[in-house]
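Below are the chains, spelled out letter by letter.
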Amino acid sequence: MSFTLDIETEFSPQEVTEAIRSALEHEKHVAKYKVKSYSVTCKNFEEKFGFSSGELKAKFETGNLGEESDFFEWYAAKRGLDHWGKKLEILSGISL
């Protein structure tokens, strides 16, 4: 996939490219941090309850899980992991 940016500025293309590259690298760093953090949370819950985060998500979404607050926290962590994992994959595929 490729796309074109229309940028109205008096800065040079090199300066604009560097600013965009820097912003992408920063966002990639944030995404890596979030993935690592959510992964640790999910792993801890997996060890505590003895089943995977994927199984938790499926059970949670079908209502086949108890009302324990840990399940809500785990579900949020799994959704965060999925979201930031996807974002990291997208950002890692961008080159300028």
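Quick note: structure is the one above.
Residues numbered from 1 in each chain as written. Predicted model: local features only at pLDDT ≥ 70, side-chain atom pairs only at ≥ 80, totals over all residues. Heavy atoms only, no water.

Q: If you had to explain the environment of E68 to someone new, which residues and values would you point to?
A: As for its position among the elements, E68 is in the loop between helix 2 (53-62) and helix 3 (69-92). For the pair E68 and H83, spaced 15 residues apart in sequence, the C-alpha separation works out to 23 Å. (Helix = DSSP H or I, 4+ residues; strand = E, 2+ residues; numbered from the N terminus.)

Q: How would you explain a nonpolar patch on the surface if you had to name every residue and give the values?
A: Taken together, M1, F3, L5 and I7 make up a surface patch of nonpolar side chains, about 570 Å² in accessible area. Its location among the elements puts F3 in the segment before helix 1 (13-49). Residue F3 is classed as exposed on the basis of its relative accessible area, which comes to 65%. (Patch = residues over 30% accessible without salt bridge, like charges linked within 9 Å, V, L, I, M, F, W, Y side chains within 5 Å. Areas by Shrake-Rupley, 256 points an atom, 1.4 Å probe, with all protein chains shown as cover. Salt bridge = Lys/Arg side-chain N within 4 Å of Asp/Glu carboxyl O. Buried < 20%, exposed > 50% of the residue type's maximum accessible area, 1.4 Å probe, protein only.)

Q: Account for the pattern of salt bridges, with residues named and values stated.
A: The full count for this structure, using the stated rule, is seven salt bridges. Here E18 makes a salt bridge to R21, at a shortest N to O gap of 3.5 Å. Here the residue E18 and the residue R21 both occupy positions in helix 1, the gap between them amounting to three residues, near one helical turn. For E18, a relative accessible area of 43% corresponds to the partly exposed category.

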